[in-house]
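# Observations on chain architecture
Here is what each chain is made of, one letter per residue.
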Amino acid sequence: MSQKGSRRPKLKIGRSRLENLLEVVAIASLILAIGFPMTVWNELPEEIPVDFSLNGQPSLWGSKLSIWLYPVCAAIGYLVMTVARFYPHTFHYSVRITPENARRQYQNALYWLSWTKVSFILTFGFVEWQTVRIAFGYRDRLDWKGIVVLLAIFLGVNFVYRDRRDRDS
């Protein structure tokens, strides 16, 4: 069910309190993801894990400069999702967008986008933190429990907002 974005109503949707809170969490998490490597840089070994097997064991080691991939990817994701927020009329929807349902559908999509942004940044930050812990020898593998929790949050958000989308169509 595709529909050209240009035919859809273009509405200005303000941020709710929840979205403002999620934005603060996203920015704080991004600041931590950028600041953390700075605080450990001098002590960080020259080689750190850069790839992991399915059981979480490091399978490839590389330059400590690689630690910057996590905050850079998190920052790019943050920027893309922040800009996308201004164009909900261009998103793909599985329901037909009409003047009657546009505001509800856009708001629902923007809530989903806010939660996705936070979970995306938290995931990169968590793996960054785990990578440093492994590089320092505090752990020998990724803590998959933390990743499972973050994945559960992401999937839960998707389930909730998919259900809301379908109910509001």
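Quick summary incoming for the structure in this document. Please read these numbers as outputs of a predicted model, since none were measured by experiment.

Attention now moves to the overall build of the chain. Across its full length, the chain holds 4 helices and 2 strands. Starting at the N terminus and ending at the C terminus, the chain contains elements arranged as α-β-β-α-α-α. Seen along its three principal axes, the alpha-carbon backbone of the chain occupies a region of about 60 × 30 × 25 Å. Counting the 169 residues in the chain, one finds 41% classified as buried. Contacts spanning at least 24 positions in sequence make up 73% of the contacts within the chain whose residues lie at least 6 apart. Taken as a whole, the chain presents about 10100 Å² of accessible surface, with 64% of it coming from carbon and sulfur.

Glancing now at the layout of surface pockets. To find leftover empty space, a probe the size of one water molecule is rolled over the atoms. Space inside the second largest pocket adds up to approximately 150 Å³. If you go around the second largest pocket, the residues you meet are Thr 116, Ser 119, Phe 120, Thr 123, Ile 147, Leu 150, Leu 151 and Phe 154. Where the lining of the second largest pocket is concerned, the elements lending two or more residues are helix 3 (102-135) and helix 4 (144-167). Considering only residue class, the lining of the second largest pocket consists of 5 nonpolar, 3 polar and no charged.

This part is about the pattern of salt bridges. Under the definition given, this model contains 5 salt bridges. Residues Arg 15 and Glu 23 are paired through a salt bridge, measuring 3.6 Å at the closest nitrogen-oxygen approach. Classification of Glu 23 as buried rests on a relative accessible area of 11%. The partner of Glu 19 in a salt bridge is Arg 85, and the shortest N-O contact between them spans 3.3 Å. One end of the pair, Glu 19, is in helix 1 (residues 17-40); the other, Arg 85, is in the loop between helix 2 (69-84) and helix 3, and 66 residues separate them in sequence. Just as Glu 19 is buried, Arg 85 falls in that class too. When salt bridges with common partners are traced through the structure, they connect Arg 15, Glu 23 and Lys 117 into a single cluster.

Further remarks concern helix 3. Taking 1.5 Å per residue, 34 residues should reach 50 Å; helix 3 reaches 49 Å between its end C-alpha atoms and fits that length. The element helix 3 is largely enclosed, with a buried count of 24 among its 34 residues. Gly 137, located one to two residues past helix 3, shows a positive phi value of around 85 degrees.

The topology assignment puts Met 81 in helix 2. Sequence separation of Met 81 and Thr 116 is 35 residues, and the distance between their C-alpha atoms is 8.6 Å. In contact with Met 81, not counting residues within four places along its chain, are Leu 113, Thr 116, Lys 117 and Phe 120.

Right, let's talk about the pairing of strand 1 (residues 47-52) for a bit. Taken together, the 5 bridges between strand 1 and strand 2 (residues 58-63) define a ladder with antiparallel strand orientation. Across the sheet, the residue bridging to Asp 51 is Leu 60, located in strand 2.

Moving on, we get to the packing of helix 2 against helix 3. Across the interface, helix 2 lies against helix 3 with an axial gap of 9 Å and an inter-helix angle of 175 degrees. Judged by the inter-axis angle, helix 2 sits roughly antiparallel to helix 3. Between helix 2 and helix 3, the contacting residues are Tyr 70, Pro 71, Cys 73, Ala 74, Gly 77, Tyr 78, Met 81, Thr 82 and Ala 84 on the first element and Leu 113, Thr 116, Lys 117, Phe 120, Ile 121, Phe 124, Val 127, Glu 128 and Thr 131 on the second. Classifying every residue of the contact of helix 2 with helix 3 gives 12 nonpolar, 4 polar and 2 charged.

What counts and how
Residues numbered from 1 in each chain as written. Predicted model: local features only at pLDDT ≥ 70, side-chain atom pairs only at ≥ 80, totals over all residues. Heavy atoms only, no water. Helix = DSSP H or I, 4+ residues; strand = E, 2+ residues; numbered from the N terminus. Buried < 20%, exposed > 50% of the residue type's maximum accessible area, 1.4 Å probe, protein only. Contact = heavy atoms within 4.5 Å. Areas by Shrake-Rupley, 256 points an atom, 1.4 Å probe, with all protein chains shown as cover. 1 Å grid on protein atoms, 1.4 Å probe; cavity = no way out; pocket = protein on both sides within 12 Å on 5 of 7 lines; lining within 4 Å. Points joined across faces, edges and corners; volume = space filled by probe spheres on them. Nonpolar A, V, L, I, M, F, W, Y, C, P; charged D, E, K, R; others polar. Salt bridge = Lys/Arg side-chain N within 4 Å of Asp/Glu carboxyl O. Expected span 1.5 Å × (residues − 1). Pairing = 2+ DSSP bridges. Axes fitted to C-alpha atoms, helices over the stretch in contact; angles between N-to-C directions. Parallel < 35°, antiparallel > 145°, perpendicular 65-115°, else oblique.

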